[in-house]
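# Examination of the molecular architecture
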Amino acid sequence: MPLIAILPGDGIGPEVTAAARRVLEAVASDLEFAEAPVGGAAYEAKGHPLPESTLDLARKADAILFGAVGDFRFDTLERALRPEAAILGLRKELSLFANLRPAVLFEGLEDASALRPEVARSIDLMIVRELNGDVYFGEKGRGTTADGLREGHDLMRYDEGEVRRIARVGFETARARNGKLCSVDKANVLETSQLWRDVVIEVAADYPDIELSHLYVDNAAMQLVRDPGQFDVIVTGNLFGDILSDQASMCAGSIGMLPSAALGADGKKGMFEPIHGSAPDIAGQGKANPCAAILSAAMLLRYSLGRGEAADRVEQAVRGAIADGARTPDLGGSLSTDAMAEQVLERLG
Ligand SMILES: NC(=O)C1=CN([C@@H]2O[C@H](COP(=O)(O)OP(=O)(O)OC[C@H]3O[C@@H](n4cnc5c(N)ncnc54)[C@H](O)[C@@H]3O)[C@@H](O)[C@H]2O)C=CC1
Ligand SMILES: CC(C)CC(=O)C(=O)O
Ligand SMILES: [Mg+2]
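This one's a predicted model, so the numbers in the text were calculated from it and none came from an experiment. (Residues numbered from 1 in each chain as written. Chains lettered and ligands numbered in written order. Predicted model: local features only at pLDDT ≥ 70, side-chain atom pairs only at ≥ 80, totals over all residues. Heavy atoms only, no water.)

## Considerations on the pattern of salt bridges
The following threshold applies: We define a salt bridge as a side-chain nitrogen of Lys or Arg found within 4 Å of a carboxyl oxygen belonging to Asp or Glu. Strands here are runs of E lasting at least two residues and helices are runs of H or I lasting at least four, both read from the DSSP assignment and numbered beginning at the N terminus. To sort residues, take the accessible area from a 1.4 Å probe on protein chains only and compare it with the maximum for the residue type: under 20% means buried, over 50% means exposed, and anything in between is partly exposed.
Tallying each qualifying case throughout the model produces 26 salt bridges. A salt bridge links Asp56 to Arg59, with the nearest nitrogen and oxygen atoms 4.0 Å apart. Of this pair, Asp56 and Arg59 both sit in helix 3 (residues 52–60), three residues apart, roughly one helical turn. According to the relative accessible area criterion, Asp56 is partly exposed, its value standing at 40%. With its nearest N and O atoms 2.8 Å apart, the salt bridge here joins Glu160 to Arg164. Taken as a pair, Glu160 and Arg164 lie in helix 6 (residues 160–176) at a separation of four residues, close to a single helical turn.

Rendered as structure tokens:
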């Protein structure tokens, strides 16, 4: 019986994971669920955003469904105790270095996209974001300059092994899709990025069938809204992937629509989460769009449980609901989180 760890977290995290769990229960009757606190909720309950018991459950589980963490109430805590430390800790402790973030415009959502309909319709891409390194995990600190000014620093760093393994995921992902890989960096300014680009080019020798291109991240951000249809797979570092995926979400209609999978070396055990955060501005109001979490559950079925058919059913149910006009407020409608989930559940039969 596969064990699914549910880590709801803060803000809208519990609302959207509850919806995703209902969907999992509807398509798979043999799953065992265990829930544990994470983020601010865990700090309040147990004094730490990632308690040992939560980490143990995450280690033991076959897959993890994660909601979101964070709340401004915790923003003055030391960094290691802030809710966000929990998600970074889980990704690192479980060596989940490959973050797959698909961005697709579902039929009917043209009017929700920030782009013109004919441009929006072309978006169908996968962002492969490195998740265990970069400026998020480098040495950081605060201090005072010789002139008495406060200063802060965060080290941006990758080694070639880290770049090589994510580059391979990028190439393999492109091979399974339409054969195009765009590597995004800032090699014109950053040494970390020059190393990134050099290593991606070396790895490309093993993938002569893949059309490789490179973009600087500023240009990539611009191209993403000018012509998102030009992209098949984007491979990039932790920081750039974080930013570009939020941007891609508004090309596809809403941040409430984009799921993600964080995978390790076996490409199987993973943590599945919407790309959005805890959205404190709408938390507790039943306004959150659960589709990103539900689609993350579909990725869980596909990657961790090898149940592609069930994953397809869930994705078709979300597509069907959207095509029939089901809309939460972020998509211009008025359905509550639960009502949107119902629309999906109804289409699962
Ligand atoms: N994976 C995670 O746990 C993440 C956590 N965060 C944390 O979340 C907190 C809030 O961060 P923000 O920058 O406001 O980003 P956010 O993604 O939580 O929200 C950004 C905007 O999108 C809206 N939004 C997000 N998800 C939505 C959904 N499912 N349906 C409808 N609208 C949705 C929010 O209402 C807000 O206006 C912070 O503490 C931040 O650190 C942020 C990003 C990822
Ligand atoms: C909360 C951050 C640590 C991460 C983030 O914004 C993301 O993974 O999308
Ligand atoms: Mg983010």
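This is not the end of the story, as more comes after the structure.
## Here we look at the domain arrangement of the protein
We count it as follows: Where each domain begins and ends is defined by an automated method or by a domain database. Residue contacts are defined here by distance: any two heavy atoms, one from each residue, within 4.5 Å place the two residues in contact. Buried area counts how much accessible surface, traced with a 1.4 Å probe, disappears from two parts once they are put together, with both parts' losses summed. What qualifies as a polar contact is a pair of N or O atoms within 3.5 Å, subject to a donor-acceptor requirement within protein and to the restriction that residues adjacent in sequence count only when both atoms come from side chains. Amino acids are sorted into nonpolar (Ala, Val, Leu, Ile, Met, Phe, Trp, Tyr, Cys and Pro), charged (Asp, Glu, Lys and Arg) and polar (every other residue, Gly among them).
Once the domains are mapped, the protein shows domain 1 (1–98 + 258–348) and domain 2 (110–253). Computed from C-alpha coordinates alone, the two centres of domain 1 and domain 2 are separated by 23 Å. Taken together, the contact between domain 1 and domain 2 spans 15 residues of the former and 19 residues of the latter. Taken over both partners, the interface formed by domain 1 and domain 2 buries close to 1300 Å², and the fraction arising from carbon and sulfur atoms is 67%. The tally of links from domain 1 across to domain 2 stands at zero salt bridges. Taken together, domain 1 and domain 2 are joined by four residue pairs in polar contact (both at pLDDT 80 or more). For the side of domain 1 that touches domain 2, the leading source of residues is helix 4 (residues 84–93), giving three residues. A per-class count over the side of domain 1 that touches domain 2 returns nine nonpolar, one polar and five charged.

## Thoughts on the pairing of strand 8 (residues 180–185)
Walk down a regular strand and you will see the side chains alternate between the two sheet faces. This is how it is decided: By this definition, two strands are paired if DSSP reports at least two bridges between them. When the strands point away from the viewer, a crossover counts as right-handed if the path from the first strand over the helix to the second runs clockwise.
Where burial is concerned, most of strand 8 is hidden: five out of the six residues are buried. Summarising the sheet, strand 8 and strand 9 (residues 211–216) pair through six bridges and their orientation is parallel. In the sheet register, Cys182 faces strand 9, and the bridge partner there is Ser213. Each parallel crossover has a hand, and the one from strand 8 via helix 7 (residues 191–204) to strand 9 is right-handed.

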